[in-house]
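Listed below, chain by chain, are the residues.
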Amino acid sequence: MLTLTDFQQIYARHPQIEALTLWAATHEQNVKISGLCGSSLSVVAASLFTKAPHIQVFVMKDADEAAYLYNDLRQILSDEKVLFFPSSYKKAIRLSQLDASNEILRTEVLNRLVSSSTPCVIVSYPEAILQKQITSQGLKTKTIRLRTGESIGMDFLTEMLVEYGFERVDFVYEPGQYSVRGGIVDIFSYAYEMPYRIDFFGDEVESIRVFDIETQLSQEKRLQVEIVTNLRKGDKTTKLVPITEFVAADTWFQFTDAGFVRDRINQLYDEALIKANSGDHVVESLHSTHITGDEFIQGVDKFRKLEWANKSYFKTKTTIQFNTSLQPVFQKNFDLISENLKTNLT
């Protein structure tokens, strides 16, 4: 049975994907890829990632478009290679309703970028890019790293957890909690969607396991983990930076409409500023915590950029043209399906 991965590997032989791979091997900064429809963008993007692996950041026009691309790429590549970088808020930022699950996903991405240089694809959208985050060095100071076989001591670990703002409970069920039972410490980090179970033998970490909250059953073993505290808790002097100052210099940024992304971030920034001034206190800017669309585009300028669009926003020398078309509506008419297959095979 042909899988999506098999299909992607076959499609990767396409001459235009070879041309895109050749562009990746040059020092040319920008490229435009046009003529793609539907999920063909996902297949081409996955093929490029396989042939020229880099840390890649897709900034889509909205959360829905980002979610479609994220799910496509996860199916073609894998969960380990594709990450989602959402907004911290449930809806529009002006509502100020934090989403705990989104906070975990954001922290997971930031932690991955700091702890590993392994290539991955990060999918995001304007509401998420708008928010600044802690610096990479700041993240390191808010992270506890545990490794199987190391000597750390349960008492020392629990003291560190308290210092990092973790709450002791009987059973962990949300990020920021830990529990102690005999020689076992359960910890729910802000950088992973499931908690860790640390089993001690004396002062030595004997095993580290991911476990399910509902069943309390172990899911998988880990040789090492990073325990990250709540990055939103900190004093007002904590430096925050845009995503363009957090990622590595060889990161690729990718867009389907860079101009729209810029305008949307500008709009969101203005809305957030209006909300901040809704009371008696006057706030002149939000630059300490947010970025404007113009600032984001300026920050992206130093990176290599791929535009999946018929019209480019950035200056490009190379255009790679595909010739895909939307699938017709067959409505169970097998004659139409047959004609379509014959046309495409000739």
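Higher on the page you've got the structure.
All figures in this text were calculated on a predicted structure; none of them were measured in a lab. (Residues numbered from 1 in each chain as written. Predicted model: local features only at pLDDT ≥ 70, side-chain atom pairs only at ≥ 80, totals over all residues. Heavy atoms only, no water.)

K.L.:
Break down the nonpolar core for me, with residues and values.
P.N.:
Within the largest apolar cluster, 40 residues are counted, with the highest numbers of intra-cluster contacts made by Ile122, Phe253, Phe255 and Phe296. Of all the secondary structure elements, the ones that give two or more residues to this core are strand E2 (56-59), helix H5 (100-115), helix H6 (126-129), strand E15 (252-255), helix H9 (258-276) and helix H10 (293-300). In terms of residue count, H9 provides more of this core than any other element does, seven residues in total. (Core = buried A, V, L, I, M, F, W, Y, C linked by side-chain atoms within 4.5 Å. Buried < 20%, exposed > 50% of the residue type's maximum accessible area, 1.4 Å probe, protein only. Helix = DSSP H or I, 4+ residues; strand = E, 2+ residues; numbered from the N terminus.)

K.L.:
If you had to explain the side chain of Lys132 to someone new, which residues and values would you point to?
P.N.:
Relative to the assigned elements, Lys132 resides in the loop between H6 and strand E5 (133-134). Buried and unpaired, Lys132 has Glu295 as its nearest opposite-charge partner, separated by 5.7 Å. Within polar-contact distance, the side chain of Lys132 engages the backbone oxygen of His287 at 2.4 Å. The residues contacting Lys132, other than those within four sequence positions of it, are Arg106, Leu240, Val241, Pro242, His287, Ser288, Thr289, His290 and Ile291. (Lys, Arg positive; Asp, Glu negative; His and termini not counted. Salt bridge = Lys/Arg side-chain N within 4 Å of Asp/Glu carboxyl O. Polar contact = N/O pair within 3.5 Å; in protein donor to acceptor, adjacent residues only side chain to side chain. Contact = heavy atoms within 4.5 Å.)

K.L.:
Let's hear about unusual backbone geometry: which residues, and what values?
P.N.:
Of note, the phi angle at Gln216 is positive, near 65°, even though the residue is not glycine. You can see Gln216 is positioned in the loop between strand E11 (204-211) and strand E12 (218-222). Looking at Gln216, the relative accessible area reads 28%, which means it is partly exposed.

K.L.:
Tell me about the sheet that holds strand E16 (residues 304-308), residues and numbers included.
P.N.:
Spatially, seven strands are ordered E3-E4-E2-E15-E16-E1-E17 in an open sheet, and the strand pairing comes out parallel. Looking along the sheet, the strands with just one partner apiece sit at the ends: strand E3 (82-84) and strand E17 (318-321). Strand-to-strand twist in this sheet, taken as the mean axis angle between neighbours without regard to direction, amounts to 20°. Of the pairings in the sheet, the one linking E2 to E15 comprises four bridges and is parallel in character. Paired with Val59 across the strands is Phe255, a residue of E15. (Pairing = 2+ DSSP bridges. Axes fitted to C-alpha atoms, helices over the stretch in contact; angles between N-to-C directions.)

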